[in-house]
Amino acid sequence: MTEAEIVEALREGRHEGQMAAVSRYADRIFAMVVRLVPDVMDAQELTQDTFLRAFNRIGSYDAQKASLATWLCRIAYRLTLDFLKRRRPLMVSIEDSQGWQKDVTDEDLEAELSTGREERIAKLEELLDELPDVCSMSI
């Protein structure tokens, strides 16, 4: 099936479109995700979630803006970022002597760590949208 045929089948809810999309793009999506999430089980789950989200939102896909591979990679990347944000442990350096010299409240620590986070994430997502179609290259 061509990419256009896969998209048409997905929009019509046909099973063969889903099978074709998964067989064509799953390895590529998984390879990208597993580089960011080293746990294989988590990477497999994120790959599955990528296809579920894509199948549910295929109506928003615009072939004029990106290839299907690029669109799937963006979905996978954003799901992976969300996953990492939820799972990222709070890291505090023992070597930070200033932190040991005074008491720091949980509110102070949270404010320090969250300052500018949303702005940085928004900027990264903006930059991601401007990237060339690297994901569709052979991996």
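Computed from a predicted model, the values in this text were never measured in an experiment.

Enquirer: Sorry if this is basic, but what is going on with helix α2 (residues 15–36) here?
Expert: Because each turn of an α-helix spans 3.6 residues, side chains separated by three or four positions in sequence point in the same direction. Counted at 1.5 Å a residue, the expected span for α2 with its 22 residues is 32 Å, and the 30 Å between its end C-alpha atoms agrees. Within α2, the full set of buried residues consists of Gly-17, Ala-20, Ala-21, Tyr-25, Ala-26, Ile-29, Ala-31, Met-32 and Val-33.

Enquirer: Quick question: what am I supposed to make of the nonpolar core here?
Expert: The nonpolar side chains of a soluble globular protein tend to be buried, and buried together. Formed by 27 residues in total, the largest nonpolar core has its most connected members in Tyr-25, Ile-29, Val-33, Phe-51, Leu-68, Trp-71 and Leu-72. Only α1 (3–11), α2, α3 (40–56) and α4 (68–87) provide two or more residues apiece to this core. Top contributing element to this core by residue count: α4, with nine residues. Setting aside its immediate chain neighbours within four residues, Trp-71 contacts Ala-54, Arg-57, Ile-58, Ser-60, Tyr-61 and Ala-66.

Enquirer: Help me out: how do you make sense of the side chain of Thr-47 in this one?
Expert: Looking at the element boundaries, Thr-47 is found in helix α3. Each residue touching Thr-47, except ones within four places of it in the same chain, is listed here: Ala-26, Ile-29, Phe-30 and Val-33.

Enquirer: Would you take a moment to explain the pattern of salt bridges for this structure?
Expert: One side chain can pair with another of opposite charge once the charged atoms of both are near each other. The tally for this structure, following the rule as stated, stands at three salt bridges. With its nearest N and O atoms 2.6 Å apart, the salt bridge here joins Arg-14 to Glu-16. Given a relative accessible area of 29%, Arg-14 falls into the partly exposed group. Asp-82 is the salt-bridge partner of Lys-85, the closest N and O atoms lying 3.6 Å from each other.

Enquirer: Help me understand the confidence of the model for the chain in this model?
Expert: Interpretation of this model should avoid reading the predicted coordinates in detail wherever pLDDT is low. Residues at a pLDDT of 70 or more form 64% of the chain, whose mean pLDDT is 82. Ranking the helices and strands of the chain by mean pLDDT puts α3 first, with 96, and helix α5 (residues 97–101) last, with 50.

What counts, and where the lines are drawn
- Residues numbered from 1 in each chain as written.
- Predicted model: local features only at pLDDT ≥ 70, side-chain atom pairs only at ≥ 80, totals over all residues.
- Heavy atoms only, no water.
- Helix = DSSP H or I, 4+ residues; strand = E, 2+ residues; numbered from the N terminus.
- Expected span 1.5 Å × (residues − 1).
- Buried < 20%, exposed > 50% of the residue type's maximum accessible area, 1.4 Å probe, protein only.
- Core = buried A, V, L, I, M, F, W, Y, C linked by side-chain atoms within 4.5 Å.
- Contact = heavy atoms within 4.5 Å.
- Salt bridge = Lys/Arg side-chain N within 4 Å of Asp/Glu carboxyl O.
- pLDDT = per-residue confidence, 0-100.

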